[in-house]
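The lines below spell out each chain.
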Amino acid sequence: MRSGAPGALLEVLPRLGPTTAEGVQRALAEDGLPLALSSIYTALGALERRGLVRALRAPGCSTLFVRAEAAGVYLLCRRCGGVVPLTLPTAYVDALRARSAAHGWQLFEPHAVLTGRCGRCRAAASP
Ligand SMILES: [Zn+2]
């Protein structure tokens, strides 16, 4: 059941995966709910502050949004904006926790954006 723009966003985000505010706007418009981009950003910001949405931010790239349950580690292509979720081996996450603990930190679930260039863009750039 939708509850205004935030409710509509929470419904559409799992279907889209990591997406930009513009991507959310297009999907909502296709669902018959045209909203101004400013309203989308306002709703995404409110959902992020409530911990229901995570923003994936990287320098030089558009911010991507995912539902909090889908937050994790993502590869983000700096050329085309392509996104791939990256599953980390348990041993790697355990090592991150141990190294964080050595600095007195409690590590929450790993949530990061790793930037680079995807295979398709690398192939296109090759002579
Ligand atoms: Zn790419």
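Keep in mind that this is a model prediction, so the values were computed, not measured. (Residues numbered from 1 in each chain as written. Predicted model: local features only at pLDDT ≥ 70, side-chain atom pairs only at ≥ 80, totals over all residues. Heavy atoms only, no water.)

1. What to know about the nonpolar core
So, step 1. Ranked by internal contacts, the top residues of the largest apolar core, which has 16 residues, are L9, V24, L28, I40, L44, V53 and F65.
So, step 2. Taken together, the elements giving at least two residues each to this core come down to α1 (4-16), α2 (21-30), α3 (37-49) and β1 (53-56).
So, step 3. Residue contacts for L28: discarding those within four places in its chain leaves A8, L9, V12, L33, P34, L35 and I40. (Core = buried A, V, L, I, M, F, W, Y, C linked by side-chain atoms within 4.5 Å. Buried < 20%, exposed > 50% of the residue type's maximum accessible area, 1.4 Å probe, protein only. Helix = DSSP H or I, 4+ residues; strand = E, 2+ residues; numbered from the N terminus. Contact = heavy atoms within 4.5 Å.)

2. Looking at the pattern of salt bridges
So, step 1. In this structure the tally under the stated criterion is 4 salt bridges.
So, step 2. Residues R15 and D31 are paired through a salt bridge, measuring 2.6 Å at the closest nitrogen-oxygen approach. With a gap of 16 residues between them, R15 in helix α1 and D31 in the loop between α2 and α3 connect regions that are remote in the sequence.
So, step 3. Here R15 falls in the exposed class, since its relative accessible area comes to 52%.
So, step 4. Overall, D31 belongs to the partly exposed group, its relative accessible area being 34%.
So, step 5. For the salt bridge of E48 with R57, the shortest nitrogen-to-oxygen distance reads 3.1 Å. (Salt bridge = Lys/Arg side-chain N within 4 Å of Asp/Glu carboxyl O.)

3. Details of α2
In an α-helix there are 3.6 residues to a turn, and that puts residues three or four apart on one side.
So, step 1. Those residues of α2 that sit buried are A21, G23, V24, A27 and L28. The buried side chains of α2 occupy one side of the element, clustering within an arc of 155° when seen end-on. In this structure, α2 carries R26 and E30 as exposed residues pointing more than 90 degrees from its buried face.
So, step 2. On the buried face of α2, the contacting elements are α1, α3 and β2 (64-67). (Arc of directions from axis to C-beta.)

4. A word on the sheet that holds strand β3 (residues 73-77)
So, step 1. Read across the sheet, 3 strands follow the order β4-β3-β5 without closing on themselves; strand pairing throughout is mixed. At either end of the open sheet lies a strand with only one pairing partner, and these are β4 (83-86) and β5 (112-116). Sheet twist, expressed as the mean angle between neighbouring strand axes with direction ignored, is 25°.
So, step 2. Note: β3 against β5, 5 bridges, orientation parallel. (Pairing = 2+ DSSP bridges. Axes fitted to C-alpha atoms, helices over the stretch in contact; angles between N-to-C directions.)

The values reported here are purely geometric and, on their own, carry no functional implication.
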